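These are the residues of each chain, in order.
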Amino acid sequence: MTRPGANHAAQMGWFAAHKWLLARRFVQLAFLAVFLTGPLVHVWIAKGTLASSLTLGVLPLTDPMIALQSVLARHALSLTALTGAAIVLAVYIVVGGRAYCAWVCPINMVTDFAAWARARLGIKETITLDRRLRYWLLAGVLAASAATGTIAWEFVNPVTIVHRGLVTGSILGGSALLVTLALLLFDFGIAARGWCGHLCPVGAFYGLLGAKSLVRVAAVRRDACNNCMECFAVCPERQVIAPALRGADKGVGPVILSGDCTNCGRCMDVCSKQVFRFGTRFTPAATQVLKGE
Amino acid sequence: MAKAPDHNGAVNRRGLLTGALRAACGAGLVALLIAMPAHRRAVAVALRPPGALPEADFLSACVRCGLCVRDCPYNTLTLSDLGDGPSLGTPFFNARNVPCEMCEDIPCAAACPTDALDKGLKDIKDARMGIAVLVDHENCLNFQGLRCDVCYRVCPLSDAAITLEVQHNVRTGKHAMFIPTVHTDKCTGCGKCEKACVLEEAAIKVLPHALAVGELGQHYRWGWKEKDKAGEALIEDNLQLPIRGMENGLPSSELKGFKP
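Residues numbered from 1 in each chain as written. Chains lettered and ligands numbered in written order. Predicted model: local features only at pLDDT ≥ 70, side-chain atom pairs only at ≥ 80, totals over all residues. Heavy atoms only, no water.

## Focus on the sheet that holds strand β2 (residues 52–55) of chain A
Residues and elements named next belong to chain A. Test applied: At least two bridges found by DSSP between two strands are what make those strands a pair. To qualify as a helix, a DSSP run of H or I must reach at least 4 residues; to qualify as a strand, a run of E must reach at least 2; elements of each kind are numbered from the N terminus. A fitted line through C-alpha atoms represents every axis, and for helices the fit uses only the stretch in contact; the resulting angles, taken between N-to-C directions, go from 0 to 180 degrees.
Strand order in this open sheet of three strands is β1-β2-β3, and the pairing throughout is antiparallel. Each edge of the sheet is formed by a strand with only one pairing partner; in this case those strands are β1 (46–49) and β3 (59–62). Pairwise comparison of adjacent strand axes, ignoring direction, gives a mean angle of 10 degrees for this sheet. Relative to β3, β2 is paired through four bridges, and the arrangement is antiparallel. Paired with Ser-52 across the bridge in β3 is Thr-62.

This is the structure we're talking about:
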């Protein structure tokens, strides 16, 4: 197999074969930038971290998973935090739960880099982890919060540790650097797509949300699929594709309904047959696709 | 895992390389995980911002977002990192570095989105970030009979949270000592005294309440306070019982008239 996306790039140009990847990197960096303008040039856009923030002095946002842990720890959460969590929930129920993972979370760039390096070096060896582990981990985290009366995952959460390190500048030497290196080594040398794809309970939480969310990737032109397998090769959650892509006989799809899908759009980038596009969970298959197109 | 040897018995080079790679990554990962607790170093006591809930409740409420840190106008607060002591990412300050300036509008507590810092704290004088304790009597200049008084003079609640108590100077036999004395019902734990102490290492330090203040047993009462409260002694005076055979005092002539 040639490198995923090579065919699409040959047909439509490099930019078309990297459109969503570039968009995602831009959005990820933009989310970082709005937190950094304050400390760096004293123009405050977003204050705080991904755990809880205040944007332009008016918009409060709070991570709903952290808010849930706080409630389970029997803290009477303030109206500000509850409002902030509700806004975040409302946004992700529309744009796709794990859109957080693909478009906002700073860890994505670390683990995507590890996956890219594995692919370039042709490393196939990996320990096998069950993708459901993250849901058990999420259950454990919530139980631990209730049992210990603390926001349990925040003692170790790589997402907020790294984001905190980035916005406070301590990434240069503190815990954020160690965590980043640890995740890089884990995903690169030990388990392929290990952290984000198998273990992270934050992703699991947003995945539960994503199973009910509106914006989804749909294999609308699945009739045109030539089984080149490139989408499977780039997808960070490859188990979500087959039901939507190959479920026509069973009347399944064409929408990827699994909450594990991160709405990253890489499948759209690499597919030379334009099988996938963003739609809603109600998107029907395209009917006018000609066989053998 | 390393692949099986190929036909001519040579070990598959690729299998060896990837095996070594995984071992190296595994070892690196373990090293990084061990490096985290290994960062712990001895440091001064870390104090929470004004209005912070008691530590157990604080950890159910603080989401470690740093909004209090951002809104502190004096850069007193920082978020904890490895080795700082407090739980990773939670806000704290070290009084000897930058003490709390006790802003009247308490901007740190106002910024807290989760009420981990209690907005019910309206008067910064009611904050209890810790309690100043004059821990080192051997090096405190005032304890030597000198008039340093710096902790007393910088205290925002001088003459209330810290007073100078006069004692006899036994060393010289004729001078007074002015002993800086902290009053726990007034001290906010802002740390200005610890910051200002002129010694190389501060003789007065702000400690968390639990370390600094003892607590009386629930059943215990100070007799003199109860007496003041009641306006009289709570127990009756000793019974004056006659001693048989001595109603007229001791029989001995010198002690005649003495009654026990």
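Once the structure has been displayed, the description carries forward.
## Quick word on the pattern of salt bridges
Residue and element names in this part refer to chain A. Test applied: Salt bridge, as applied in this entry: a Lys or Arg side-chain nitrogen positioned within 4 Å of an Asp or Glu carboxyl oxygen. Buried residues are those whose accessible area, probed at 1.4 Å on protein chains only, stays under 20% of the maximum for their type, while exposed residues exceed 50% and partly exposed ones sit between those limits.
Under the definition given, this model contains 17 salt bridges over all chains. Between Arg-98 and Glu-237 there is a salt bridge, with its nearest N and O atoms 2.6 Å apart. Of this pair, Arg-98 sits in the loop between α4 (79–95) and α5 (99–103) while Glu-237 sits in the loop between α12 (230–234) and α13 (241–246); the two residues are 139 residues apart in sequence, bridging distant segments of the chain. Like Arg-98, the residue Glu-237 is buried in the burial classification. Measuring nitrogen to oxygen at the nearest pair gives 3.0 Å for the salt bridge that ties Glu-237 to Arg-131. Of this pair, Glu-237 sits in the loop between α12 and α13 while Arg-131 sits in the loop between α6 (107–121) and α7 (133–148), placing them 106 residues apart in sequence.

## Quick notes on the confidence of the model for chain A
Residue and element names in this part refer to chain A. Selection rule: Per residue, pLDDT captures the predictor's confidence, and it can take any value from 0 to 100. Two residues form a contact once any of their heavy atoms are found within 4.5 Å.
Per-residue confidence for chain A gives a mean pLDDT of 89, with 97% of residues at or over 70. Within chain A, the lowest mean pLDDT, 84, falls on helix α1 (residues 6–12), and the highest, 95, falls on α5. Taken as a whole, residues 289–293 scores under 50 in pLDDT and shows six contacts with residues more than four places along the chain or in a different chain.

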